[in-house]
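Single-letter residue listing:
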Amino acid sequence: MEIFKTKKIILFLVLLSILGCKENKPASEDDELSQQWYKGNLHTHSYWSDGDEFPEVIVDWYKSEGYQFIALSDHNTVAKEEKWITISEDSIYQKAFQRYLEKYGTDWVIHKIDSGRPMVRLKTYDEYKNRSEEVDKFLVIPSEEITDEFEGKPLHMNATNIQTKIEPQGGSSVSQALQNNIDQVLKQRQETGIPIMPHVNHPNFGYAIHLNDMISLNGERFFEVYNGHPMVHNMGDSTRVSTEEMWDLINISYLENKKPIMYGLATDDSHHYHKSGNEWSNAGRGWVMVQADSLSASSLITALEAGNFYSSTGITLKSITRENNRLFIEIDQEKGVEYTLTFIGLRNGKSETEELISVKGNQADFEMTEDIVFARCRITSSKLQSNPIERILYEMAWTQPVIRDAQ
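Parameters at a glance
Residues numbered from 1 in each chain as written. Predicted model: local features only at pLDDT ≥ 70, side-chain atom pairs only at ≥ 80, totals over all residues. Heavy atoms only, no water. Pairing = 2+ DSSP bridges. Helix = DSSP H or I, 4+ residues; strand = E, 2+ residues; numbered from the N terminus. Axes fitted to C-alpha atoms, helices over the stretch in contact; angles between N-to-C directions. Parallel < 35°, antiparallel > 145°, perpendicular 65-115°, else oblique. Left-handed = near helix turned anticlockwise from the far one by under 90°. Contact = heavy atoms within 4.5 Å. Nonpolar A, V, L, I, M, F, W, Y, C, P; charged D, E, K, R; others polar. Core = buried A, V, L, I, M, F, W, Y, C linked by side-chain atoms within 4.5 Å. Buried < 20%, exposed > 50% of the residue type's maximum accessible area, 1.4 Å probe, protein only. Salt bridge = Lys/Arg side-chain N within 4 Å of Asp/Glu carboxyl O. Polar contact = N/O pair within 3.5 Å; in protein donor to acceptor, adjacent residues only side chain to side chain. pLDDT = per-residue confidence, 0-100. Phe/Tyr/Trp six-rings, centres within 6.5 Å; stacked < 30°, edge-to-face > 60°. Lys NZ or Arg CZ within 6 Å of the ring centre and 35° of its normal.

To continue, consider the sheet that holds strand S14 (residues 317–323). Spatially, the 3 strands line up as an open sheet ordered S14-S15-S18, and their pairing is antiparallel. Looking at strand neighbours, the two that pair on one side only are S14 and strand S18 (363–367), the edges of this open sheet. The average angle at which neighbouring strand axes cross in this sheet is 10 degrees, direction not considered. In the sheet, S14 pairs with strand S15 (residues 326–331) via 6 bridges, with the strands oriented antiparallel. Opposite isoleucine 320, over in S15, you have isoleucine 329 as the bridge partner.

If you want it as structure tokens, here you go:
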């Protein structure tokens with residue numbers, strides 16, 4: 001029976017690979033007419049794990065800031081059970097609790113006093129979802145950060161649109177533990193028939209996940225090229241590559257081994273909602289803009305898996321179109337802000353990507369000539385981020401890599 005289940009999972013991974021290779025196309029001009037851009041964050045924490053705010057407060061903040069979808073991805077929970085927390089004695093959190101109580105009211109906030117300190121029952125996923133969701137306006141997607149480790153190395157993976165909790169699977173190595181968790185996510189997707197999307201989180205957190213670990217994976221289509229936590233080392237260091245460099249090296253290997261291409265997400269990984277600055281993990285630092293036909297988890301995941309999205313720390317794009325191996329990108333330009341669009345790609349016979357062309361302005365038209373295997377665009381801005389981490393000072397955006405069509 002276990003062998004049969006394993007064969008089914010392998011078949012499912014093969015089907016995903018085939019679909020992924022066919023879907024690697026940004027929207028054409030005709031497609032754009034029937035689709036909309038949706039802004040969302042896929043990595044966020046609340047009091048359900050190690051965040052410091054109530055889930056409904058967090059959800060309402062993202063909603064008020066113009067996001068259309070949010071996934072609260074607390075560690076090893078899907079927020080279905082009953083959970084009480086004790087409010088910290090720190091005056092910041094005592095005052096925050098009073099504001100919470102005043103805003104939401106005693107009919108909503110279930111609490112009691114124990115040994116002079118307030119205890120509060122957290123709202124479950126169903127409760128905060130039903131309170132905040134609006135059809136075609138705002139979506140709350142169930143999520144879990146499957147939080148594993150190997151020899152003390154943190155191995156974290158999100159499962160977006162998860163239906164039931166997945167326990168961390170462990171393994172005899174970093175890559176095996178990651179693969180075991182990916183397999184469980186894809187198994188749940190197969191058994192339920194519901195789109196569920198795994199993505200590897202912050203590979204440079206603790207420098208736990210090396211390039212070779214990422215290259216070894218099967219069935220994984222996403223990882224975080226940008227994560228807004230101040231401890232994740234997006235930029236790498238003198239001996240270890242940045243997540244952006246890792247992204248290209250992963251895809252060079254994936255294409256050589258006939259795997260579907262890896263896509264790069266930007267996320268907040270927010271934990272801290274009452275203290276702000278470069279030492280805190282705050283909301284609003286990174287997000288994805290997804291071009292989909294409707295605001296539903298199924299439609300968004302379909303669009304993400306087709307590469308119809310970009311990742312951003314502040315820049316907004318008007319359009320990304322591809323016609324006959326030409327990529328056209330137009331920026332929704334802010335007054336007084338300058339932009340540089342840098343196309344990065346792999347040439348035939350090369351083992352590393354390079355900067356193919358760099359254009360200043362609010363748009364660029366790039367031709368993928370016959371010597372190019374794949375290309376993507378990094379857009380940088382002259383506008384400083386309002387709350388940066390590491391040395392990533394200016395607003396940026398990343399389009400997804402696309403493979404050149406054979407003529």
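From this point, things continue past the structure.
As a further point, take the packing of helix H3 (residues 55–64) against helix H5 (residues 125–132). Direction vectors running N to C along H3 and H5 enclose 30 degrees, while the axes themselves pass 10 Å from each other. Comparing their axes, H5 and H3 come out roughly parallel. As H3 runs across H5, the sense of the crossing is right-handed. The segment H3 lies against H5, with Pro55, Glu56, Val59, Asp60 and Lys63 engaging Tyr128, Arg131 and Ser132. Residue composition of the contact of H3 with H5, by class: 3 nonpolar, 1 polar and 4 charged.

The next thing to look at is the nonpolar core. Core analysis: the biggest nonpolar cluster contains 49 residues, and Phe54 and Ile379 have the highest contact counts within it. Top contributing element to this core by residue count: helix H4 (residues 91–104), with 5 residues. Leaving out residues up to four positions away in the same chain, isoleucine 379 has contacts with Ile315, Leu317, Ile331, Tyr339, Thr340, Leu341, Glu395, Met396, Ala397 and Thr399. Core analysis: the next-biggest nonpolar cluster, separate from the first, contains 26 residues, Phe223, Tyr226, Tyr254 and Met396 among them.

What follows concerns the pattern of salt bridges. Under the definition given, this model contains 21 salt bridges. Between aspartate 405 and arginine 322 there is a salt bridge, with its nearest N and O atoms 3.4 Å apart. Taken as a pair, aspartate 405 in the segment after strand S21 (402–403) and arginine 322 in strand S14 lie far apart in primary sequence, 83 residues in all. We classify aspartate 405 as partly exposed; its relative accessible area is 30%. Salt bridges sharing common partners tie together Glu244, Asp248, Glu355, Arg376 and Arg378.

Looking now at the sheet that holds strand S5 (residues 117–121). Read from one edge of the open sheet, 3 strands run S3-S5-S4, paired in antiparallel fashion. Among the strands making up the open sheet, the edge pair consists of strand S3 (84–86) and strand S4 (111–114). Adjacent strand axes in the sheet meet at a mean angle of 30 degrees when their direction is disregarded. As defined by bridge partners, S3 adjoins S5 across 3 bridges and the pair is classed as antiparallel.

Among the structural elements, arginine 221 can be located in the loop between helix H7 (211–216) and strand S10 (222–227). Of the residues examined, arginine 221 reaches a relative accessible area of 8% and is grouped as buried. At a separation of 3.2 Å, a polar atom in the side chain of arginine 221 contacts the main-chain carbonyl oxygen of isoleucine 261.

What follows is about the environment of leucine 211. Tracing the chain through its elements places leucine 211 in helix H7. Looking at leucine 211, the relative accessible area reads 22%, which means it is partly exposed. Excluding residues that lie within four positions of it along the chain, leucine 211 makes contacts with Met246, Leu249 and Ile250.

Considering the arrangement of structural elements, one finds lysine 83 in the loop between strand S2 (69–70) and S3. The partly exposed category is assigned to lysine 83, whose relative accessible area is 26%. Separated by 35 residues in the primary sequence, lysine 83 and tryptophan 48 place their C-alpha atoms 7.8 Å from one another. Lysine 83 has contacts with Tyr47, Trp48, Ser49, Val120, Arg121 and Leu122, leaving out every residue within four places of it along the chain. From its side chain, lysine 83 meets the backbone oxygen of tyrosine 47 in a polar contact 3.5 Å long.

For the protein chain, the average pLDDT comes to 93, and 92% of its residues sit at 70 or higher. Across residues 1–23 the pLDDT falls below 50, and counting only partners more than four positions away or on other chains, this stretch makes 24 contacts in the model.

With that out of the way, let us pick up the pairing of strand S7 (residues 143–150). Burial analysis of S7 places 6 of its 8 residues in the buried class, which makes it a mostly covered element. For S7 and strand S8 (residues 153–160), the ladder comprises 8 bridges, and the chain directions are antiparallel. By the bridge assignment for S8, phenylalanine 150 is matched with lysine 153. A loop of 2 residues connects S7 with S8, the two strands running antiparallel in sequence, and glutamate 151 in this loop sits at a positive phi of about 50 degrees.

Let us look at the packing of aromatic side chains. All chains considered together, the criterion is met by 14 aromatic pairs. For the ring pair tryptophan 61 and tyrosine 62, a centre distance of 4.9 Å and an interplane angle of 90 degrees mean the geometry is edge-to-face. Among the residues examined, tryptophan 61 registers a relative accessible area of 33% and is labelled partly exposed. Three or more aromatic residues joined by ring pairs form one cluster here, namely Tyr47, Phe54, Tyr100 and Tyr104. One residue, lysine 39, lies across the ring of tryptophan 287, its end atom 4.0 Å from the ring centre.

Here the focus is unusual backbone geometry. Located in the positive-phi region is alanine 79, a residue other than glycine, with phi close to 55 degrees. Residue classification places alanine 79 among the buried positions, given a relative accessible area of 4%. Look at aspartate 136: it is not a glycine, yet its phi comes out positive at around 65 degrees. Note on placement: aspartate 136 falls in the loop between H5 and strand S6 (139–140).

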